[in-house]
Amino acid sequence: TLIACTLPACGYNEVIERDEDVKAAWSEVENQYKRRADLIPNVVKTVKGAADFEKETLQGVVEARSKVSQINVDSSIIDDPAKMQAFEKAQTGLSGALSKLMMVVERYPELKATQSFRDLQVQLEGTENRIAVARKRYIESVAAYNKVVLLFPSSIGASMRGKETRENLKGKAEDA
């Protein structure tokens, strides 16, 4: 009876609640990055249609997307700093390639004038905003989880569950 009464006080269940919050927040980060990756073939197709468009810039986007898709993303990534770092590096590379593409597009008014490109641009901008929000929520959920794992008395429940602190995303939301 004493053990049952002290389990809530030591954070035994709270650590699981925070762990589930982290997993849910990570799922949303994954979802938004996937949404962006899914838009890229349409962007590439639309941009390829522009005469004399810089092939090197377009190829950079295709290669960056390929690197992103080669990373096996599953729930274990949130507990593996090396996987998380590789994921972030690939996503940052894709963000950079897309930014470069959008800057180059400025030199092609006929491309910018097409409805299909404008629609894709709006979708990409919206997705980038969603990524920023999802990353922010993930960062906040990891911070809350880490506090439960580190602070007394909930640290007792965390150790009983075998839970340790998690690495958080390193880059700023707007960089990824």
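Residues numbered from 1 in each chain as written. Predicted model: local features only at pLDDT ≥ 70, side-chain atom pairs only at ≥ 80, totals over all residues. Heavy atoms only, no water.

## Focus on the overall build of the chain
Line of reasoning, step 1. Scanning the chain from N- to C-terminus turns up seven helices and zero strands.
Line of reasoning, step 2. Put simply, the chain runs from its N terminus to its C terminus through helices and strands in the order α-α-α-α-α-α-α.
Line of reasoning, step 3. For a compact globule of 176 residues, the expected C-alpha radius of gyration is about 16 Å, and the chain comes in at 21 Å, more than 25% above that figure.
Line of reasoning, step 4. Each of the three principal axes of the chain carries a C-alpha extent, and together these read 75 × 25 × 20 Å.
Line of reasoning, step 5. Within the span of the chain, comprising 176 residues, buried residues form 37% of the whole.
Line of reasoning, step 6. A fraction of 78% describes how many contacts in the chain between residues 6 or more apart in sequence connect residues 24 or more apart.
Line of reasoning, step 7. By element, 54% of the accessible surface of the chain is carried by carbon and sulfur atoms, the whole surface being about 10,100 Å².
Line of reasoning, step 8. Charged side chains of the chain number 26 positive and 26 negative; the gap between the two group centres comes to 2 Å. (Helix = DSSP H or I, 4+ residues; strand = E, 2+ residues; numbered from the N terminus. Rg over C-alpha atoms; globule rule 2.2 N^0.38 Å. Buried < 20%, exposed > 50% of the residue type's maximum accessible area, 1.4 Å probe, protein only. Contact = heavy atoms within 4.5 Å. Areas by Shrake-Rupley, 256 points an atom, 1.4 Å probe, with all protein chains shown as cover. Lys, Arg positive; Asp, Glu negative; His and termini not counted. Charge placed at Lys NZ, Arg CZ, Asp CG, Glu CD.)

## Here's the deal with the packing of aromatic side chains
Line of reasoning, step 1. Across all of its chains, the model carries three aromatic pairs by this definition.
Line of reasoning, step 2. A connected cluster of aromatic rings, assembled from ring pairs, spans Trp26, Tyr33, Phe87 and Tyr138.
Line of reasoning, step 3. Over the ring of Tyr12 we find Arg161, and its NZ or CZ is 3.9 Å from the ring centre.
Line of reasoning, step 4. The lysine or arginine in question, Arg166, covers the ring of Tyr145, its NZ or CZ lying 4.5 Å from the ring centre. (Phe/Tyr/Trp six-rings, centres within 6.5 Å; stacked < 30°, edge-to-face > 60°. Lys NZ or Arg CZ within 6 Å of the ring centre and 35° of its normal.)

## Structural notes on a nonpolar patch on the surface
Line of reasoning, step 1. Taken together, the side chains of Phe152, Ile156 and Met160 make up a nonpolar region of the molecular surface, amounting to roughly 330 Å² of accessible area.
Line of reasoning, step 2. Structurally, Met160 is set in helix H7 (residues 154-161). (Patch = residues over 30% accessible without salt bridge, like charges linked within 9 Å, V, L, I, M, F, W, Y side chains within 5 Å. Salt bridge = Lys/Arg side-chain N within 4 Å of Asp/Glu carboxyl O.)

## A closer look at the side chain of Ser141
Line of reasoning, step 1. Within the secondary structure, Ser141 sits in helix H6 (residues 115-150).
Line of reasoning, step 2. Ser141 gets classed as buried once you look at its relative accessible area, which sits at 12%.
Line of reasoning, step 3. Of the polar contacts made by the side chain of Ser141, one reaches the backbone oxygen of Tyr138; its length is 2.9 Å.
Line of reasoning, step 4. Contact partners of Ser141, with chain neighbours within four places excluded, come to Asp21, Val22 and Ala25. (Polar contact = N/O pair within 3.5 Å; in protein donor to acceptor, adjacent residues only side chain to side chain.)

## Topic: the environment of Ser99
Line of reasoning, step 1. On the secondary structure map, Ser99 appears in helix H4 (residues 81-105).
Line of reasoning, step 2. The exposure class assigned to Ser99 is partly exposed, which follows from its relative accessible area of 44%.
Line of reasoning, step 3. With 69 residues separating them in the primary sequence, Ser99 and Asn168 have C-alpha atoms 24 Å apart.

## Details of the nonpolar core
Line of reasoning, step 1. Among the nonpolar cores identified, the biggest contains 24 residues, and Val47, Phe53, Val61, Leu98, Leu101 and Leu111 are the most heavily contacted of them.
Line of reasoning, step 2. Elements represented by at least two residues in this core include exactly helix H2 (14-48), helix H3 (55-70), H4 and H6.
Line of reasoning, step 3. When residues of this core are assigned to their parent elements, the largest contribution, eight residues, is made by H4. (Core = buried A, V, L, I, M, F, W, Y, C linked by side-chain atoms within 4.5 Å.)

## Quick look at H4
Since the α-helix advances by 3.6 residues per turn, residues separated by three or four positions end up pointing in the same direction.
Line of reasoning, step 1. Between its terminal C-alpha atoms H4 stretches 36 Å, which fits the 36 Å expected from 25 residues at 1.5 Å a residue.
Line of reasoning, step 2. The N-cap residue of H4 is Asp80: its side-chain oxygen and the backbone nitrogen of Ala82 are 3.1 Å apart. (Expected span 1.5 Å × (residues − 1).)

## Quick notes on the confidence of the model for the chain
Line of reasoning, step 1. On average, the chain scores 87 in pLDDT, and the residues at 70 or more come to 90%.
Line of reasoning, step 2. Looking across the chain, the model is least confident in helix H1 (residues 2-6), with a mean pLDDT of 43, and most confident in H6, with 95.
Line of reasoning, step 3. Throughout residues 1-6 the model reports pLDDT below 50, and contacts reaching past four residues in sequence, or to other chains, amount to zero contacts. (pLDDT = per-residue confidence, 0-100.)

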